[in-house]
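Residues per chain, in single letters:
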Amino acid sequence: MKLLKLLLFLVVLIVPSYSQEEGRSSTGVELPDFVITGKDVVKIKKSEKLNPFLISTFSEKFVLPTYSPEEIPVKDILLPIRDDLNLLGSGNFFKGYVSGAVGLYSLPDLDLLYASPIENGIFRAKFNGLYNRPFVDNSDFYKLSGNADLIYWTDINSSFLPGTQIRLNTDLSTKGYKFYGSDNPTNKRSLNNLFFNLNLKNEYNSAFLFKINAFDNFTLLSDENFKENLIDLSLNTLLRLSFINVGFSGNYKNVSIKNDTTDHKELNYFLIRPTAGFQFTNLVKGSFGFTISQSSEDRFIMPYAELAVKLAPSFTFMGEFNPSTEFLTPANFLKINPYFNAVKSTNLFVKKSMQYLLSVKYEYQKFFEINGGFKYFSSDSLPYFYEKEKGKYSIRFSDIKQMTPFINFNFFPGPFGFFFGSIEVNAAQNDTGQTFPYVPTFKVTANYGYTFSEVLTTALNLTYSGKTFTDLDNFNKIDNYINLGLLLSYNFDQRFDFFVRLENLLDNSNSIWNNYPEKPFDLILGVKYKL
């Protein structure tokens with residue numbers, strides 16, 4: 001109820017100040033993360049922003065790839081969506097698919113997707129089930145997940161929020177696995193998650209933009225004393241007045257945790273950022289403001305600034321000064337490290353007292369773009385994972401200064417296929433020169449896809465990370481992580497596809513967490529039937 005009241009308040013606040021532009025004939029809508037076309041249902045995962053709960057005045061496509069290589073495993077590599085695809089205009093679309101696969105270790109891997117257009121919108125439901133047999137003793141695991149999406153666009157002539165995208169989403173998942181790298185390798189864990197999300201976004205009226213996002217995330221460890229419920233509400237607005245603009249970003253979180261450390265302890269967090277900005281044609285734009293954040297008695301206030309300059313028709317420079325905070329909960333750490341001891345943890349208020357980014361982007365029409373630069377942040381107390389006992393992880397804290405030069409490549413679909421990739425070099429050290437655990441010094445991701453004919457498509461996926469220490473003293477490190485994947489898809493007829501998926505093609509001894517080896521080479525055969 002608290003979440004609904006806050007959401008209704010924000011909607012009532014926005015509606016009176018919003019007026020539609022007259023005489024506009026375009027629909028002004030954007031494609032969702034998936035689209036129904038005449039050939040298939042395509043799903044593309046978008047990259048996350050540098051700051052997960054704030055929307056910059058600038059385009060979020062500026063710094064990071066639209067399609068993050070890290071988020072596209074080889075099983076999900078499909079041709080990205082072109083801007084000119086018509087979401088609902090095709091009379092020859094498919095309503096989804098049923099896909100099944102078996103491999104040396106995957107027995108089975110099932111996917112079911114159903115999608116159906118409705119008036120001014122689209123509905124989607126998806127199910128995934130996966131079981132991996134053990135590749136070392138007790139390394140078997142399973143995953144079941146289901147989600148549903150409803151996206152709806154209000155009419156541009158509507159009296160209520162014209163041209164607004166409204167999205168409802170729910171997701172339910174359960175994972176079961178064992179602590180096979182610990183001294184008690186048969187210990188089981190069941191991780192369950194329930195997620196509800198409501199999102200309203202309007203970019204139709206270029207004079208006033210807004211985005212409201214509200215979600216409720218519930219996490220439960222069965223047979224362990226851990227429950228967490230997180231309510232998150234964020235608001236981002238931008239009002240443009242000639243060459244001047246006024247913006248506001250805000251985020252509120254409420255978390256309730258029950259474990260061995262707290263018993264239904266309820267904590268709150270908020271962050272607000274008012275800004276004032278300018279834009280001279282398309283050559284220069286910027287904004288300035290300040291960030292205020294607080295949790296309990298801990299408060300943070302720092303200035304904020306960003307600037308973008310078009311140096312040439314194809315070159316753009318961006319700089320951002322963005323000291324900020326993060327509100328981390330045990331569920332956040334579980335999402336990163338499934339072997340984390342959430343039963344003995346509580347929430348954290350992390351301050352990044354210095355954080356900035358400098359970047360240059362080169363783009364050639366709609367064919368490709370390359371952006372690179374470096375980002376930096378420092379914190380007096382940042383959490384890191386350590387093994388309190390073999391194979392079971394807790395967190396400690398240390399000061400940190402991290403400088404990361406990076407470069408991203410986006411080559412969009414063309415006669416030579418498509419390519420998305422990134423390279424990062426991380427220098428993450430504390431004041432005594434020790435490298436932070438589980439922050440790889442070198443990180444490379446790459447995805448390449450090529451369509452040989454109307455019936456044969458192939459894709460390659462590479463993930464590499466090197467020089468990763470497992471302790472703050474830097475006595476131990478894990479071997480370089482090299483995961484090369486290959487996907488071959490053959491279109492047998494209009495509805496049937498057969499595919500071959502090769503994972504860890506080099507059969508490298510990979511580990512993300514110490515004492516937990518990853519799956520070796522796997523050969524997976526599958527078939528997809530389009531509904």
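Because the structure is predicted, anything quoted here is derived from the model rather than measured.

Definitions and cut-offs
Residues numbered from 1 in each chain as written. Predicted model: local features only at pLDDT ≥ 70, side-chain atom pairs only at ≥ 80, totals over all residues. Heavy atoms only, no water. Helix = DSSP H or I, 4+ residues; strand = E, 2+ residues; numbered from the N terminus. Buried < 20%, exposed > 50% of the residue type's maximum accessible area, 1.4 Å probe, protein only. Contact = heavy atoms within 4.5 Å. Areas by Shrake-Rupley, 256 points an atom, 1.4 Å probe, with all protein chains shown as cover. Core = buried A, V, L, I, M, F, W, Y, C linked by side-chain atoms within 4.5 Å. Pairing = 2+ DSSP bridges. pLDDT = per-residue confidence, 0-100. Salt bridge = Lys/Arg side-chain N within 4 Å of Asp/Glu carboxyl O. Phe/Tyr/Trp six-rings, centres within 6.5 Å; stacked < 30°, edge-to-face > 60°. Polar contact = N/O pair within 3.5 Å; in protein donor to acceptor, adjacent residues only side chain to side chain.

Caption draft 1: The overall build of the chain, seen in detail. Scanning the chain from terminus to terminus reveals 2 helices and 31 strands. Looking at the 531 residues of the chain, the share that counts as buried comes to 47%. By sequence separation, contacts in the chain at least 24 residues apart represent 59% of the contacts at least 6 residues apart. Carbon and sulfur atoms make up 60% of the accessible area of the chain, which totals about 25700 Å².

Caption draft 2: Highlighting the environment of F499. Tracing the chain through its elements places F499 in strand 28 (residues 496-503). We classify F499 as buried; its relative accessible area is 12%. Along the chain, F499 and T458 lie 41 residues apart, while their C-alpha atoms are 9.5 Å from each other. Look past the residues within four positions of F499 in its chain and what remains in contact with it is S99, G100, A101, L487, L488, S489, I524, L525, G526, V527 and K528.

Caption draft 3: Examining the nonpolar core more closely. Counting 41 residues, the largest nonpolar core has Y339, F385 and F436 as its most contacted members. Among the elements that take part in this core, strand 19 (residues 368-389) stands out by supplying 5 residues, more than any other. In contact with F385, other than residues within four places in its own chain, are F333, I336, N337, F340, Y393, S394, I395, P437, Y438 and W513. Residues L200, F210, A214 and L233 belong to the second largest nonpolar core, which totals 8 residues.

Caption draft 4: Quick look at the pairing of strand 3 (residues 96-103). Bridge count between strand 3 and strand 4 (residues 106-118): 6 bridges; the pairing is antiparallel. Residue pairing in the sheet places G96 in a bridge with Y114 of strand 4. As judged from the 7 bridges shared by strand 3 and strand 31 (residues 522-530), these two strands associate in the antiparallel manner. Across the sheet, residue V98 finds its bridge partner in strand 31, namely Y529.

Caption draft 5: Looking closely at the confidence of the model for the chain. When the pLDDT values of the chain are averaged, the result is 84; 82% of them are 70 or greater. Taken together, the stretch residues 76-92 has pLDDT below 50 and engages in 51 contacts with residues farther than four places along the chain or on a different chain.

Caption draft 6: How the structure looks around the pattern of salt bridges. Taken as a whole and judged by the stated rule, the model has 15 salt bridges. Its salt-bridge partner being D109, residue R501 comes within 3.2 Å of it at the nearest N-O pair. In this pair, R501 sits in strand 28 while D109 sits in strand 4, placing the two residues 392 residues apart along the sequence. Among the ionic pairs, K519 bridges to D522, the shortest N-O distance being 3.1 Å. For the pair K519 and D522, a shared accessibility class is recorded, and that class is buried.

Caption draft 7: A look at the packing of aromatic side chains. Applying the stated criterion to the full structure yields 36 aromatic pairs. Their ring planes at 85 degrees and their centres at 5.7 Å tell us that Y177 and Y339 sit as a pair that is edge-to-face. Taken together, the positions of Y177 in strand 7 (residues 164-178) and Y339 in the loop between helix 2 (330-336) and strand 17 (348-352) put the pair 162 residues apart, joining distant regions of the chain. Note on accessibility: Y177 and Y339 belong to one class, buried. Taking the centre distance of 5.9 Å and the plane angle of 90 degrees together, the rings of F333 and F385 count as edge-to-face. Taken as a pair, F333 in helix 2 and F385 in strand 19 lie far apart in primary sequence, 52 residues in all. Judged by relative accessible area, which is 5%, F333 ranks as buried. Chaining the aromatic ring pairs together yields one cluster made of F315, Y362, Y364, F367, F368, F409, F411 and F419.

Caption draft 8: Spotlight on the environment of L456. Topologically, L456 is positioned in strand 24 (residues 456-466). Judged by relative accessible area, L456 falls into the partly exposed class, the value being 31%. As a C-alpha pair, L456 and F499 span 43 residues in sequence and 9.6 Å in three-dimensional space. Setting aside residues no more than four positions away along its own chain, L456 makes contact with Y450, T451 and S489.

Caption draft 9: A look at the environment of Q402. As for its position among the elements, Q402 is in strand 20 (residues 392-414). Remark: the alpha-carbon pair of Q402 and Q355, spanning 47 residues in sequence, is separated by 9.5 Å. A distance of 3.3 Å separates polar atoms of two side chains, one belonging to Q402 and the other to N426.

Caption draft 10: Spotlight on unusual backbone geometry. With an omega dihedral of -5 degrees, the bond running from L107 to P108 counts as a cis peptide bond. Following the sequence through the fold, P108 ends up in strand 4. With a phi angle near 45 degrees, L161 is a residue other than glycine that sits in the positive phi range. Assignment of secondary structure puts L161 in the loop between strand 6 (141-153) and strand 7. On the accessibility criterion, L161 (4% relative accessible area) is buried. At N474, a residue that is not glycine, the phi angle is positive and equals roughly 60 degrees. Relative to the assigned elements, N474 resides in the loop between strand 25 (468-469) and strand 26 (477-478).

Caption draft 11: Representation of the pairing of strand 15 (residues 315-321). When strand 14 (residues 298-312) meets strand 15, the two strands line up antiparallel, connected through 7 bridges. Looking across to strand 15, one finds that K310 is bridged to T316. Two successive antiparallel strands, strand 14 and strand 15, enclose a turn made up of 2 residues. As paired elements, strand 15 and strand 18 (residues 354-364) share 7 bridges and run antiparallel to each other.

Caption draft 12: Layout of the side chain of N217. Relative to the assigned elements, N217 resides in strand 9 (residues 208-222). According to the relative accessible area criterion, N217 is buried, its value standing at 14%. Within the structure, the side chain of N217 is placed 3.2 Å from the side chain of N193, a separation counted as a polar contact. Here T219 takes part through its side chain, which lies 3.4 Å from a polar atom of the side chain of N217. Ignoring any residue separated from it by four or fewer positions in sequence, one finds N217 in contact with N193, L194, F195, E228, N229 and L230.

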